Amino acid sequence: MPFASLGLSPALVHAAEKAGFVAPTPIQTGAIPAILQGADMLGAAQTGSGKTAAFALPLLQQLQLSATGGPRRVRALVLVPTRELAAQVGEVLRSLAQHLQPPLKVAIVFGGVSINPQMLGLRGGADIVVATPGRLLDLVEHNALRLSAVAHLVLDEADRLLDLGFTEELQRVLALLPARRQNLFLSATFPAAVQALADGLLSNPVRVEVPHTPGNEPAIEQRAIAVDASRRTQLLRHLVKEYNWSRVLVFVATQYAAEHVAEKLYKAGIFASPFHGGLSQGARNQVLQEFKDERWQVVVTTDLAARGIDISQLPAVVNYDLPRSAVDYVHRIGRTGRAGESGMAVSFVTADAEAHFRLIEKRQHLALPREQIAGFEPTEVAAPPPTTDPQGTGGIKGKRPSKKDKLRAAAAAAAAAAIPAADKKGS
Ligand code: AMP
């Protein structure tokens, strides 16, 4: 089905063609006609499914049709959870908007950088603002923009907005918007808090869900390699060489590990850079751009890069440390295999992480064989779970002592203290 049959104007069909989009993806086929009709939408789609263009194309068309020629007022607001996603979504909107006459102005605002250039950029108004919530509120407080004319609200990656603790800011932004508006809500996952937000926000939404079917499932080959914790960096070097990946995103658990692993790889002659929230915004932008330009072969990152970031032709991701949850696992591996490309997602499973990986597999309905790579066969066994009860009543891993346990322990200690020293010696 061509884009033209979805109700898009010739200018926007042309913009889609210029962006290299030949045919709409399933979420675009579902979302574009509904959004053009002014409906609220609840979009549940896999990461990398083309969801940005699914709302960007019809949004731009509506804004073009409702343009009055008067002073620019913010008529569309796109809220996103991270600075990187703001930049990325804003650029998609800008590149599509450049084909329109009269042109629409897209402002991109996010925290972590000086507010002044963003205030200057908002002089003369903007048609669309793409923002992270905190900085948006700062700009409103500085009178740099007003939200009273917003007719379209997009919440992109709503699950992540809530995960990152933006609930309060979100409510403050919502209170500044006119009640009559179109609401577009996109989220990869729908835990209870996200569903509640959607229920409160949307009226009679059109639901666009892209089912996980073999036809639209990104072609991601998932693998689990059993390896000793201490040999993971060497195994990573081995895989980078063996597969000759042009680029690979490696996930670790901490900022320190990102620095440490990247440094080790770099010293071993692999162009590797860390990327994490401890870097300045300038450094983060630079690493990401250089990675996109293929100047880094390996980027070692925390979950900061797990969502939203779109790097086309990323052939592989590696879970050097496993993600905390099954949801994070989905987001991490979704960085590869985007827009119909194939990709490989490798998880290193150490003996201590085996039980945790089994839980992730269970939630994801996966059962990956544990591979062993010649020369890296694991030798470690899982450490026994720590016991919390010195009385040996059968400790459960991770269980904190209850009030009763503490009282029992205190009573036992008091009883022991009451025994005369001579008795103790003999015992
Ligand atoms: P998104 O899910 O919005 O992050 O998009 C993922 C990738 O798919 C981006 O690189 C888009 O440029 C690309 N994309 C979006 N729509 C299409 C389409 N209709 N055909 C081909 N690629 C697309």
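Everything discussed here concerns the structure shown above.
Parameters and conventions
Residues take numbers from 1 onward in each chain, read along the sequence in its written order. Confidence filtering applies because this is a predicted model: local features only for residues at pLDDT of at least 70, side-chain atom pairs given and counted only at 80 or more, and all residues used for totals across whole chains, interfaces and linings. Computation of side-chain values: all heavy atoms of the structure, hydrogens and water removed. A pair of strands is considered paired only if DSSP assigns at least 2 bridges between the two. Only DSSP runs of H or I covering at least 4 residues are called helices, and only runs of E covering at least 2 are called strands; the numbering of each starts at the N terminus. The pairing test for Phe, Tyr and Trp rings, Trp by its six-membered ring, is centres within 6.5 Å, and the orientation test on the planes gives stacked under 30 degrees, edge-to-face over 60, and tilted for anything in between. A simple rule labels every residue: compare its accessible area, found with a 1.4 Å probe on the protein chains alone, to the largest value its type can have, and call it buried under 20%, exposed over 50%, or partly exposed in between. Throughout this description, the term salt bridge denotes a Lys or Arg side-chain nitrogen within 4 Å of a carboxyl oxygen of Asp or Glu. Viewed with both strands pointing away, a crossover whose connecting path from the first strand over the helix to the second turns clockwise is right-handed. Taking the helix axis as origin, the arc is that swept by the directions to the C-beta atoms. Contact between two residues is taken to exist if any of their heavy atoms lie within 4.5 Å; hydrogens are not considered. An axis is simply a line fitted to the C-alpha atoms; with a helix, the fit covers only the stretch in contact. Between two such axes, the angle follows the N-to-C directions and lies from 0 to 180 degrees. Joining through side-chain atoms within 4.5 Å is the link that ties buried Ala, Val, Leu, Ile, Met, Phe, Trp, Tyr and Cys residues into a set, and such a set is a nonpolar core. Given a helix with a known number of residues, its expected span is that number minus one, times 1.5 Å. Any angle that falls under 35 degrees is termed roughly parallel, while one over 145 is termed roughly antiparallel, one within 65 to 115 roughly perpendicular, and all others oblique. The sense of a crossing depends on the near helix, which, turned anticlockwise from the far helix by less than a right angle, makes the crossing left-handed and, turned clockwise, makes it right-handed.

Help me get a handle on the sheet that holds strand 13 (residues 342–349), residues and values and all.
Across the sheet, which stays open at both edges, the seven strands sit in the order 10-11-9-12-13-8-14 with parallel pairing between neighbours. At either end of the open sheet lies a strand with only one pairing partner, and these are strand 10 (272–275) and strand 14 (370–371). Bridge count between strand 12 (residues 316–319) and strand 13: four bridges; the pairing is parallel. Opposite N319, over in strand 13, you have S347 as the bridge partner.

Now, about the packing of aromatic side chains: what can you tell me, with residues and values included?
Under the definition given, this model contains seven aromatic pairs. Taking the centre distance of 5.2 Å and the plane angle of 15° together, the rings of Y243 and W245 count as stacked. You can call Y243 partly exposed: its relative accessible area is 31%. Judged by centre distance (6.2 Å) and plane angle (80°), the rings of Y266 and F271 are edge-to-face. Among the residues examined, Y266 registers a relative accessible area of 46% and is labelled partly exposed.

I'd like a rundown of the pattern of salt bridges, residues and numbers included.
Per the stated rule, a full pass over the model turns up 18 salt bridges. Across the pair E84 and R284 runs a salt bridge whose closest N-O atoms are separated by 3.0 Å. Here E84, found in helix 4 (residues 83–97), pairs with R284, found in helix 12 (residues 281–292); they are 200 residues apart in sequence, far enough to count as distant. Overall, the relative accessible area of 6% leaves R284 in the buried class.

Help me get a handle on the pairing of strand 11 (residues 298–301), residues and values and all.
Burial along strand 11 is two-sided: V298 and V300 facing one way and V299 and T301 facing the other are all buried. Note that strand 10 and strand 11 share four bridges and pair parallel. Opposite P274, over in strand 11, you have V300 as the bridge partner. Where the polypeptide runs from strand 10 across helix 12 and back to strand 11, its parallel neighbour, the crossover connection is right-handed.

Go over helix 8 (residues 167–175), please, and point to the residues and values.
Along helix 8, the residues classified as buried are L170, V173 and L174. For helix 8, the angular spread of buried residues about the axis comes to 100°, placing them on one side. For helix 8, the exposed residues lying more than 90 degrees away from the buried face are E168 and A175. Tucked into the core, helix 8 has its buried residues touching strand 2 (76–79), helix 6 (133–141), strand 5 (152–155), helix 7 (158–163) and helix 9 (192–201).

Outline the environment of K264, listing residues and values.
The topology assignment puts K264 in helix 11 (residues 255–267). With relative accessibility at 42%, the residue K264 sits in the partly exposed group. Counting along the chain gives 27 residues from K264 to R237, while the straight-line C-alpha distance between them is 9.7 Å.

With reference to specific residues and values, describe the sheet that holds strand 6 (residues 182–187).
What the seven strands build is an open sheet, ordered 3-4-2-5-6-1-7; its pairing is parallel. Edge positions in the sheet fall to strand 3 (106–109) and strand 7 (206–209), since each has one partner strand and no second. On average, each strand axis in the sheet is tilted by 10° relative to the strand beside it, whichever way the strands run. Summarising the sheet, strand 1 (residues 41–44) and strand 6 pair through four bridges and their orientation is parallel. Paired with L42 across the bridge in strand 6 is F185.

Account for the nonpolar core, naming residues and giving values.
Taken as a class, soluble globular proteins show a tendency for nonpolar side chains to be buried jointly. Core analysis: the largest hydrophobic core is formed by 42 residues, its most contacted members being F55, L57, L60, V78, L93, I128 and V130. When contributions to this core are tallied by element, the ones reaching two or more residues are helix 1 (10–18), helix 2 (26–36), helix 3 (51–65), strand 2, helix 4, strand 3, strand 4 (128–131) and strand 6. In terms of residue count, the dominant contributor to this core is helix 3 (eight residues). Ignoring any residue separated from it by four or fewer positions in sequence, one finds L57 in contact with F3, L8, L12, A16, I32 and L96. Core analysis: the next-biggest nonpolar cluster, separate from the first, contains 35 residues, L77, L79, V109 and L136 among them.

Explain helix 10 (residues 232–243) to me, using residue names and the numbers behind them.
End to end, helix 10 covers 16 Å across 12 residues, agreeing with the expected 16 Å (1.5 Å per residue, within 8%). Inspection of helix 10 places R232, T233, L235, L236, L239 and V240 among the buried residues, and these make up the whole buried set. The buried residues of helix 10 occupy an angular sector of 160° when the element is viewed end-on, so they sit on one face. Seen from the buried face of helix 10, the exposed residues on the opposite side, beyond 90 degrees, are K241 and E242. Considering only its buried residues, helix 10 is in contact with strand 8 (219–226), strand 9 (248–251), helix 11, strand 11, strand 12 and strand 13. Of the residues flanking the end of helix 10, it is N244, one or two places downstream, whose phi is positive at about 50°.

Explain the pairing of strand 1 to me, and be specific about the residues and the numbers.
By the alternation rule, side chains of strand 1 split into M41 and G43 and L42 and A44, which are all buried. Looking at chain direction, strand 1 and strand 7 are connected through four bridges and run parallel. Within the sheet, the bridge partner assigned to A44 lies in strand 7 and is E209.

Account for the packing of helix 10 against helix 11, with residues named and values stated.
Between helix 10 and helix 11, whose axes approach to 11 Å, the crossing angle comes to 50°. By the angle class used here, helix 10 and helix 11 are oblique. Here the hand of the crossing between helix 10 and helix 11 comes out right-handed. Contacts between helix 10 and helix 11 involve T233, L236 and R237 on the former and, on the latter, V261, K264 and L265.

Residues and numbers for the packing of helix 3 against helix 4, please.
Relative orientation of the contacting elements helix 3 and helix 4 amounts to 45°, with a least axis distance of 10 Å. Judged by the inter-axis angle, helix 3 sits oblique to helix 4. Helix 4 is crossed by helix 3, and the crossing has right-handed handedness. In this structure, helix 3 uses T52, F55, A56, L57 and L60 to contact helix 4, whose residues at the interface are V89, V92, L93, L96 and A97.

Shape descriptors only; they carry no functional weight alone.
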